[in-house]
Structure formats: structure tokens, C-alpha cells
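One-letter residues, chain by chain:
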Amino acid sequence: MIYFDNSATTKVHPEVMKTFVAVNEKFWANPASIHEFGHQTNELLQSARKQVAEILHTSNDKIYFTSGGTESNNLAIFGLANKYKNRGRHVLVSEVEHPSILEAAKQLMKSGFEVQWIPVDSDGVIAVDAVKSLLRADTILVSVMHVNNETGAIQPIQELAAYIRKNSRALIHVDAVQSFGKLPVHFQILDVDAITISSHKIHGLKGSGLLALKKFIEVEPILFGGGQEFGIRSGTTPVPLAVCTAKAVRLANDNLEANAEKMKQLTEDLIPFLKSFPSINIISSSNRAPHIVSFSVRKIKGEVLINALQQKNVIVSTSSACSSRQTKTSHVLKAMHLQDEYIKGVIRLSFSSLNTQEEINQFKKIFTNVMNVIKGD
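Residues numbered from 1 in each chain as written. Predicted model: local features only at pLDDT ≥ 70, side-chain atom pairs only at ≥ 80, totals over all residues. Heavy atoms only, no water.

Peer 1: Run through the sheet that holds strand β8 (residues 209–213), naming residues and quoting values.
Peer 2: The strands that make up a sheet pair up through hydrogen bonds in the backbone, lying either parallel or antiparallel. Spatial ordering of the open sheet is given by β2-β8-β7-β6-β5-β3-β4, a layout of 7 strands whose pairing is mixed. In this open sheet, the two edge strands, each paired with only one partner strand, are β2 (63–66) and β4 (114–118). If you compare each strand with its neighbour and ignore which way they point, the axes differ by 20° on average. Pairing of strand β3 (residues 90–94) with β4 involves 5 bridges; the strand directions are parallel. Looking at β4, one finds that H90 is bridged to E114. On top of the sheet, helix α2 (residues 36–56) reaches β2, β7 (194–198) and β8; it is set at about 115° to β2, its chief contact. (Pairing = 2+ DSSP bridges. Helix = DSSP H or I, 4+ residues; strand = E, 2+ residues; numbered from the N terminus. Axes fitted to C-alpha atoms, helices over the stretch in contact; angles between N-to-C directions. Contact = heavy atoms within 4.5 Å.)

Peer 1: Give me the lowdown on the pairing of β2, citing residues and values where you can.
Peer 2: Burial along β2 is two-sided: I63 and F65 facing one way and Y64 and T66 facing the other are all buried. Summarising the sheet, β2 and β8 pair through 4 bridges and their orientation is antiparallel. Note that in β8 the partner of I63 across the bridge is A212. (Buried < 20%, exposed > 50% of the residue type's maximum accessible area, 1.4 Å probe, protein only.)

Peer 1: Hey, could you go over the pattern of salt bridges for me, with residue numbers and the actual values?
Peer 2: What the rule picks out here adds up to 12 salt bridges. One salt bridge connects E220 with K83, and the closest N-O pair in it is separated by 3.8 Å. Of the two residues, E220 is situated in the loop between β8 and α8 (239–254) and K83 in helix α3 (residues 69–83); the sequence distance between them amounts to 137 residues. Several salt bridges share partner residues, and in doing so they unite R165, D191, D193 and K214 into one network. (Salt bridge = Lys/Arg side-chain N within 4 Å of Asp/Glu carboxyl O.)

Peer 1: So what about the packing of aromatic side chains? Which residues, and what values?
Peer 2: Taken as a whole, this structure holds 9 aromatic pairs when the rule is applied. Judged by centre distance (5.8 Å) and plane angle (85°), the rings of F295 and F367 are edge-to-face. Taken together, the positions of F295 in strand β10 (residues 292–297) and F367 in helix α13 (residues 357–374) put the pair 72 residues apart, joining distant regions of the chain. Accessibility classification places F295 together with F367 in one group, the buried group. (Phe/Tyr/Trp six-rings, centres within 6.5 Å; stacked < 30°, edge-to-face > 60°.)

Peer 1: Break down the nonpolar core for me, with residues and values.
Peer 2: L56, I118 and F180 are the most contacted members of the largest nonpolar core, which has 59 residues in total. For this core, the element with the highest residue contribution is α8, accounting for 9 residues. Once residues within four sequence positions are removed from consideration, F180 is found in contact with I55, L56, V185, I197, I202, V249, A252 and N253. Ranked by size, the runner-up nonpolar core spans 30 residues in total, among them I2, I271, I280 and V297. (Core = buried A, V, L, I, M, F, W, Y, C linked by side-chain atoms within 4.5 Å.)

Peer 1: Hey, could you go over the sheet that holds strand β12 (residues 346–350) for me, with residue numbers and the actual values?
Peer 2: Reading across the sheet, the 3 strands line up as β9-β10-β12 and stay open at both edges, with antiparallel pairing between neighbours. Since the sheet does not close on itself, it has two edges, and those belong to β9 (280–282) and β12, each with one partner. Across the sheet, the mean angle separating the axes of adjacent strands is 25° when strand polarity is ignored. In this structure, β10 lies alongside β12, joined through 5 bridges in antiparallel fashion. Bridged to V293 within β12 is L349.

The following block contains the structure:
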């Protein structure tokens, strides 16, 4: 099988799986228990937290282990907005965010917050001038993803942060689910206030992730109970998942440059091939993350191509996996004003360090055959 759907999820790293088994076998006590077994388990948990904090350049108590990207994004949106609402109730969110941000922002509106949507250009990149025109004295939060999950577009986070810092007191949240492990991501380089990471996007386990805050930044909890995770995320902390999240974060960070270069070479080899088909429009711009190539075939539904490739044992997706089973048009493509003749035929190829040049070569042959059948090109 050729698997080119790594933005949807990745294969678990053998070292992560090994860690998961070992922690479940040896450290299965409740870390909140006061007995020695619980204390040992808690020490392991805090060690994992420290590892992530060091990589992201923040303090240990600002790493909150969660169930994944959606929960982390919700915690950021609701937690930050409610914590700092005394400063104002104006929130800015880009039009191309993941649904876990967009839907959370819509819920904020029901609670009396004013949310405005930041537009993007035809490449899916935020218009910095639009942020300049929308930012106000009462803006308390700006949420912008680092890399778009459908197109791979890289947002100008550093430029945005520099302007926001200079002209407002607004906090900045970055959904780094698609960028961590592919681009440098930490508080010193991005100068933001909150970062979301999902474990299963970086060869970790599903159902785990984290929200990291910059030092001295606070959030209000959205889950209430026993007060775990420094009172921010109640519920018995799943230590094996937290430890494996830290493991996946460390592996992704340690191998960042080599993995990113490998994926870049694969995608740069593939793009000229795709451009050779007259009916194909490359949606991903040159300023994209190294692991995503999004394209569209004129007047052909993406599902047709997906099914045809799947019959040849090639796995790809249409834009976002979160919405690929739905019939509605992608909000990202709408925001980019993609032409109608291309908007239904979008295919996303997304890679990991496990993919090889041989797979690219095989894909070219298979794709050519499929296109000959479907289009007769």
C-alpha cells in the first residue's frame, strides 16, 4: 500500500508504541494517588511534561496534556477568551481555520463575544493588511493556524505577531497541528501565546495532544472536576498517552531538518509531474509546508479519483479528512475563491518521513494510468 494521507493521521512510530506498552505495564497507577506507586507514576508524567516544555521554550506548568487537537483548540479559544474578557470581547479568527477553531469561535459569539473573520488571498494566505485593519484596542485574541491542513499554505505568523505585539494587547493562538515536526515551532521563534499540537499527526497515538502556553499566560478551564493538569484539564491524566505524546514530540523535533528535507524533495519531484496534465491545477502555492501538495482536476469529483487510486492500492484524500465524508464544499477553497470547475476535484497528497522516492515513482505510473481512464488525457 502507498499511503499519502499523513495529514489525516500517521503510522505510530515503533518507539512510541514500545513506550506505550512499557508505561502501561510498569506505571499504571493514578498519578494523583499519594502512595509511592502513584508518586512514581507522577514523576514520570512530570518528566514528560518537562521534555515538552524544554522543546517549546516554556515552563513545565504551561504544558497541558489533552485528548488531541480539537480539545486543545477549544481550550485555547474558550479558555483564553474567558480569562481575558475584562480587556475586551473582540476576537479575530482566520477564514481557513480547522473546524475545531471555527465552531468554537461561533459558540463564543453566542456568549456575547464579537468574532471577525480574517480573509485570505488566492493562495490561502492571510492578508496581513486585513489584520491591520481589523485589529482593535479591545481585541483580546487572534487565532491563526501555522500550516493549513488542506493546502499546506504557511501563514506569516512571525510578521503577524510582530504587528499584533506592537499595536494591541491581544493574545495569539497558533494551531500547529500540521506544522510541528515539519517547521520550527516554539515560543521563541513564533512569539505567540498558545500552541496546539496533536500527537497522531507526528507518529504518536490518537486521542492525545497538548496545549502549550507561553510563560505567565493563563486560561480558564473548560472541563471541571478533580483539578488535574494544574486545574485546567480535570480528569485522571492518562499517563501512558502523555508520555507517548512527549516521545512523539521529541522524535519529531530531533529529526525535524532531515525529515522536512526528505518530504520537500518528494513533493518537489511530484509537482512538475502533476503540472504536466493539462486538466490539473496545483492549489498549493510555492510557500507551503514540505509535506502537503494539494491539486485539483478540472470537472472531475475528487471522490472519483480517490476510489480509482484506492483500487490500485494508493491512499489519498480530498482536502481535509475531517470533512471528506461530507458533501459540502470546503470552506478553505471557498475562502480562496477557487474556480467552480476545479472546486469539486480537489486531491490532497500528504507525506511523512516514512514515504520513499520509490513510492513517488510508483504513484506516477499508477496516476498516469488512472488519468488515462478517467480523462483520456
